[in-house]
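# Geometric and topological summary
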Amino acid sequence: MRKSIYKVTFIYLVFSVLWIKFSDKILLTFLHRDPRFLTTVQTYKGIFFVLISTLVIYLLLIKDALRAELLDKEKNKFNSLVNSILVNANSYIAVKDLQGKYKMANDAALRFHQKTKSELIGKLTEEIFSPDIAEELLRQDREILKKGLPVEFEGETTDYKGNKIKYHLAKFPLRDDKGEIYSIGVIGRDITAKKNYYERLRIEAEIFKNLKQGIILADREMNIIENNMSISKIFECSDDGLVGKNVEELIFSKIEYENILNLLKSGEQSFEWELFLKKGDNDYFPARFSISSIKNSDDQVEKYTILIEDLTELKNREKKINDLMYSDPLTGLKNKHAFIKCLKEALSYSEKYRGRFAVIYVDINALKSINRSLGHEAGDEVIKAVSKKLLTFVNENICIGKISGDEFAFVVFEKIKIFELKILAQEMLDVFKNPLKIFGKDIYIGLNIGISVYPNDGQNIESLMKNANTALQSSKKNGKKGIEFFSESFNADLDRKFELSCELPKAIDNNEFVIHYQPQLDIKRGKIIGVEALLRWYHPRYGIISPKEFIPIAEETGDIIALGEFVLEKSAAQFKSWLESGYDFERLSVNLSPVQFKEPNIVETLTDILKKVGLQSRYLDIEITESILIEDIIVTENKLKSFKNKGISITLDDFGVGYSSLNYLKSFSLERIKIDREFIKGIPDKDNGSISNIITNLGKNLGLKVLAEGVESDYQNEFMRGLGVDEVQGYYFAKPMGPLELEEFIKIYSNAE
């Protein structure tokens, strides 16, 4: 503006000087020199000068005014634009004076501080920020004022919401026209997203580099551009050993590679494939091959990412799991699951083509006795030896499986006529005529075989297996070795067994069980010294059921526990009543099931019952079988000692038919042994008499009393007397009978004496 004033003044001065100097001369030259006329001309000349000079000044001023107005508009427009940018910029923009007071702050700065303009403008830095941050900011301000140079730095802070943010801050000096610093400008940017993006890229790069899965980046022609470190490990090559190769070179099968290309050409964007990949020239391995397309901005496929996972370990684990699921770990044969699968195939084929097939169950005899006498390791060796021999019968038409501890099963597609199956089964038995060599010992074993045939004996897997097993169980009952074909009568037996197992618990409450008593006599004195309590079941529909039938059922269902306690309580009460009535009995014999004996608190249970009834424990004699002695020797010995300490005597029942060892008999706290009725029944047969003599002498040598059970004739009684047996029991003297009947018998017997 000042320049415009100088310019107008200068022009006006020049014009005035020229006018004054030359206007009169020009007028005098061209006009009349009359003084009056000259005066008039002078007047008009002055007026003209004023008009002309005014016009010139006006034009000059207008020009400058218009120019100034235009500049003001541009300046205002620019200022408005700058202000708009400052206000609406997402960046933090502020100006502070030399004392650190805020002179200006845009909306982004106000939002960051959560303050209004009036609350922020005029405030000092230390009034806005925490002491540690304020100190750092003021230090930067001092550095700018000292050096006159801008500074930039990055940092981390929290916003008003408590969120951590990363920022970039630029601070610079603001100078006036003289170059003097009068303020400090501040521009800050939130670079959290940018930093997070770069961090994500870094992490992704690390993941790409260290991911267990192999990653390959390939171009459109399947040329490998890049791969991660896992690829190097998988293919056993250098870090960039695959770069430059084509993916086709990695795939074992060319057909599979062509299939992959065809899927990609058909528009598939990503898919997964299990195939074999090549490692070196001759090696290959199973892998999971996953490929995905990468498209450019024009939606055209540009690259491919390929994920490769080595499945070698997984396949090995699957094989091990499959072996565990479908193979017997001891023998390597098919287990029950795999055998059923084989059976399903046979059933499906036979249903489709109206065929026939057989299911054969095979069981090893006496395996439990082998386990008890020689140990489970020997038992396992027996099972393995048997499986090897049975495996010789397997061909494309015969499948074998091990379906339980000592049971094997066959599916037979051929030889399905009865006589052919008998021949096959007999051949299996004949294989075991010679002993097995187990740990240097000859062990003779036998087999039981049960057979069912489709469709006669069942039309589904469950019934065929059930019926073959039923035939097997019948084979066991009929002898130690045998072959049995399924019969419908077996199912009737099973139905009865199931029915009795359901009714047995209620039978106690319904008073269907009664106790009979059989006298036991001192053979020398001929005196009744005690009675054995024998349980009988009077079934409302079937009548009297033998203990041989219902006791095994009760042991299977666990009802034997309640049943045993019932027998002891009732018989002990009756025995006490007899004692109080004057009967001179020395003992009450009660049978104890192996299932009862295994109960941890069996000693306490029996003594508690005796206390409840009021019978002294010295009267109780417990009869146990030989199988109890060899279950767990230490536990058994401790229990027998506990019984003895309580005053309860122990009799070993059915001696000679089990697997007792002389060492066991010496160490256990036994009172007497019972000669099994099977050895008495055959007397005067020489062998049975000899066995009875051996047992008697054995008992005497061990300091045990000997009781002969099942004496049925005067000859047998005298024979036992001759052997030196201590006590006898049997139908020769008295059958088992009820309490009243026993009392009548004792009267008659006493009178006869």
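Small disclaimer: the values here were computed from a predicted structure and weren't measured.

### Structural notes on the overall build of the protein
Looking only at helices and strands, the protein has 27 helices and 26 strands in total. Expressed as a percentage of the 753 residues in the protein, the buried residues total 41%. For the protein, contacts bridging at least 24 residues in sequence account for 57% of all contacts bridging at least 6. Surface accessibility of the protein: about 43200 Å² in total, with carbon and sulfur atoms responsible for 53%.

### Concerning the sheet that holds strand S8 (residues 270-279)
Read across the sheet, five strands follow the order S7-S6-S10-S9-S8 without closing on themselves; strand pairing throughout is antiparallel. In the strand order of this sheet, the two ends are held by strand S7 (224-227) and S8, each with one partner. Pairs of neighbouring strands in the sheet enclose a mean axial angle of 30°, with direction left out of account. Running at roughly 155° to S8, helix H9 (residues 254-265) makes contact with S8, strand S9 (283-295) and strand S10 (301-310) of the sheet.

### A word on the sheet that holds strand S4 (residues 164-175)
Spatially, S2-S1-S5-S4-S3 is the arrangement adopted by the five strands of the open sheet, whose pairing is antiparallel. Since the sheet does not close on itself, it has two edges, and those belong to strand S2 (102-105) and strand S3 (151-158), each with one partner. The sheet shows a mean angle of 25° between the axes of neighbouring strands, direction not considered.

### Quick notes on the side chain of Asp-457
Tracing the sequence through the fold places Asp-457 in the loop between strand S16 (447-454) and helix H15 (461-478). Residues in contact with Asp-457, not counting those within four places in the same chain, are Ile-451, Ser-452, Ser-463, Leu-464, Asn-467 and Phe-486.

### Some details on the confidence of the model for the protein
Low-confidence regions, as indicated by low pLDDT, have predicted coordinates that should not be scrutinised in detail. Taken over all residues, the pLDDT of the protein has a mean of 83, while the share at 70 or more is 88%. Within the protein, the lowest mean pLDDT, 62, falls on helix H23 (residues 662-667), and the highest, 95, falls on strand S21 (residues 587-591).

### Things to note about the nonpolar core
Counting 74 residues, the largest nonpolar core has Phe-513, Ile-622, Ile-624, Phe-643, Met-720 and Val-728 as its most contacted members. The element best represented in this core is helix H18 (residues 560-580), accounting for eight residues. Contacts of Val-728, omitting those with residues within four sequence positions, involve Pro-519, Gln-520, Leu-521, Ile-523, Leu-707, Ala-708, Val-711, Asn-717, Met-720 and Phe-733. Grouped together as the second largest cluster of nonpolar side chains are 34 residues, Leu-367, Met-428, Ile-443 and Leu-447 included.

### Considering the environment of Phe-410
With respect to the element layout, Phe-410 can be found in strand S13 (residues 407-412). By relative accessible area, Phe-410 is classed as buried at 0%. The spatial distance from the C-alpha of Phe-410 to the C-alpha of Cys-399 is 5.4 Å, given a sequence separation of eleven residues. Excluding residues within four positions of it along the chain, Phe-410 makes contact with Phe-339, Ala-358, Val-359, Ile-360, Val-362, Leu-390, Phe-393, Val-394, Ile-398, Cys-399, Ile-400 and Met-428.

### Focus: helix H22 (residues 633-645)
Between the first and last C-alpha of H22 there are 18 Å, a value that for 13 residues agrees with the 18 Å anticipated at 1.5 Å per step. The complete set of buried residues in H22 reads Thr-636, Lys-639, Leu-640 and Phe-643. Looking straight down H22, one finds its buried side chains confined to an arc of 100°; they lie on one side. Opposite the buried face of H22, at more than 90 degrees from it, the exposed residues are Ile-634 and Asn-645. Elements in contact with the buried residues of H22: helix H19 (594-597), helix H20 (602-613), strand S22 (620-624), helix H21 (626-629) and strand S23 (649-655). Backbone geometry just downstream of H22 places Gly-647 in the positive-phi region, at approximately 95°.

### Some thoughts on the pattern of salt bridges
What the rule picks out here adds up to 39 salt bridges. Residue Arg-139 is joined to Glu-136 by a salt bridge in which the shortest nitrogen-to-oxygen separation is 2.7 Å. Of this pair, Arg-139 and Glu-136 both sit in helix H6 (residues 131-147), separated by three residues, roughly a single helical turn. Assessed through its relative accessible area of 37%, Arg-139 is described here as partly exposed. Note that Glu-744 is salt-bridged to Lys-747, the shortest N-O span being 3.9 Å. Within this pair, Glu-744 and its partner Lys-747 are both found in helix H27 (residues 739-752), separated by three residues, close to a single helical turn. Here the residues in one salt-bridge network are Glu-272, Glu-274, Arg-288, Glu-309 and Lys-315, joined through shared partners.

Here is what the cut-offs are and how they apply
- Residues numbered from 1 in each chain as written.
- Predicted model: local features only at pLDDT ≥ 70, side-chain atom pairs only at ≥ 80, totals over all residues.
- Heavy atoms only, no water.
- Helix = DSSP H or I, 4+ residues; strand = E, 2+ residues; numbered from the N terminus.
- Buried < 20%, exposed > 50% of the residue type's maximum accessible area, 1.4 Å probe, protein only.
- Contact = heavy atoms within 4.5 Å.
- Areas by Shrake-Rupley, 256 points an atom, 1.4 Å probe, with all protein chains shown as cover.
- Pairing = 2+ DSSP bridges.
- Axes fitted to C-alpha atoms, helices over the stretch in contact; angles between N-to-C directions.
- pLDDT = per-residue confidence, 0-100.
- Core = buried A, V, L, I, M, F, W, Y, C linked by side-chain atoms within 4.5 Å.
- Expected span 1.5 Å × (residues − 1).
- Arc of directions from axis to C-beta.
- Salt bridge = Lys/Arg side-chain N within 4 Å of Asp/Glu carboxyl O.

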